[in-house]
Amino acid sequence: LDGIFAPPRGNRNQPTFFVEVQCYKDLKFYRRFFTSIILHFNQYPPYNPDWYAIVIFDTPKHDVSFPGYLDALKPHLKCFYLSEMGDDAYESLGLGILKLVVEGKRKAKKSAK
């Protein structure tokens, strides 16, 4: 997992977010991703049942088919594609840095400045 964002101790009503950035095609991606989340919950039981699995793909071509046997987990999943995000993505430093990965050389130089 690239990131786990758990609610602060004083505010246990907020959800937990699991984040993964994926820049290559991995046919076992969703199995691996959700296995990691469930293992995390086994070691650290959640404060509340609200949680989300966020995947940031560089392009849609690296997304893979979602396995049918994981359908019960699909409502927790949200996917984003850097190549489809406009220039508004650069308003966030972290997201802007990630977006540089999918930009052409000229656009990346200009955006980085």
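Each remark here, short or long, concerns the structure printed above.
Asker: Which residues make up the overall build of the protein chain, and what are the values?
Answerer: A count of helical and extended segments in the protein chain gives three helices and four strands. Counting all 113 residues of the protein chain, 35% fall into the buried class. The contacts in the protein chain between residues at least 6 apart in sequence include a share of 53% that link residues at least 24 apart. Of the roughly 7,600 Å² of accessible surface on the protein chain, a fraction of 55% belongs to carbon and sulfur atoms.

Asker: Which residues make up the sheet that holds strand β4 (residues 77-81), and what values go with them?
Answerer: Spatial ordering of the open sheet is given by β1-β2-β3-β4, a layout of four strands whose pairing is mixed. The strands lining the two open edges of the sheet, one partner per strand, are β1 (3-5) and β4. In this sheet, adjacent strand axes meet at a mean angle of 20° when their direction is disregarded. Relative to β4, strand β3 (residues 51-57) is paired through five bridges, and the arrangement is parallel. Bridge pairing links isoleucine 56 to phenylalanine 80 in β4.

Asker: A description of the environment of serine 83 should follow, citing residues and the corresponding values.
Answerer: On the secondary structure map, serine 83 appears in the loop between β4 and α2 (93-99). When the C-alpha atoms of serine 83 and proline 60 are compared, they prove to be 7.9 Å apart, with 23 residues separating the residues in sequence.

Asker: I'd like to hear about the environment of valine 55, residue by residue, with values.
Answerer: In this structure, valine 55 sits in strand β3. C-alpha separation for the pair valine 55 and aspartate 2, spaced 53 residues apart in sequence, amounts to 9.7 Å. Those residues in contact with valine 55 that sit more than four places away from it in its chain are Glu20, Gln22, Phe29, Phe33, Leu77, Lys78, Cys79 and Phe80.

Asker: Can you tell me about the side chain of aspartate 58, naming the residues and giving the values?
Answerer: Mapped onto the elements of the fold, aspartate 58 is located in the loop between β3 and β4. Buried within the structure, aspartate 58 lacks any salt-bridge partner; its nearest side chain of opposite charge belongs to lysine 61, at an N-O separation of 6.9 Å. Within the structure, the side chain of aspartate 58 is placed 2.6 Å from the side chain of histidine 62, a separation counted as a polar contact.

Parameters and conventions
Here the residue index of a chain counts from 1 through its sequence in written order. Given that this is a predicted model, residues contribute local features only at a pLDDT of at least 70 and side-chain atom pairs are listed and counted only at 80 or more, while totals for whole chains, interfaces and linings are drawn from all residues. Where side-chain values are given, they derive from all heavy atoms of the structure, hydrogens and water being excluded. Strands here mean DSSP runs of E at least two residues long; helices mean DSSP runs of H or I at least four residues long; both are numbered from the N terminus. Under the scheme applied here, a residue whose accessible area is under 20% of the maximum for its type counts as buried, over 50% as exposed, and between as partly exposed, the area being computed with a 1.4 Å probe on protein chains only. Any two residues whose heavy atoms approach within 4.5 Å at even a single point are treated as in contact. Accessible areas in this description were obtained via Shrake-Rupley with a 1.4 Å probe; residue shielding takes into account the shown protein chains only. Strand pairing is assigned whenever DSSP identifies at least 2 bridges connecting the two strands. Only the stretch in contact is used when a helix axis is fitted, and all axes are lines through C-alpha atoms; the angle between N-to-C directions ranges over 0 to 180 degrees. The convention is simple: Lys and Arg are positive, Asp and Glu are negative, and His and the chain ends are not counted. Here a salt bridge means any side-chain nitrogen of Lys or Arg lying within 4 Å of a carboxyl oxygen belonging to Asp or Glu. Under the rule applied, a polar contact is a pair of N or O atoms within 3.5 Å (in protein, one hydrogen donor and one hydrogen acceptor; residues adjacent in sequence only if both atoms are side-chain atoms).

None of this, on its own, says anything about what the molecule does.
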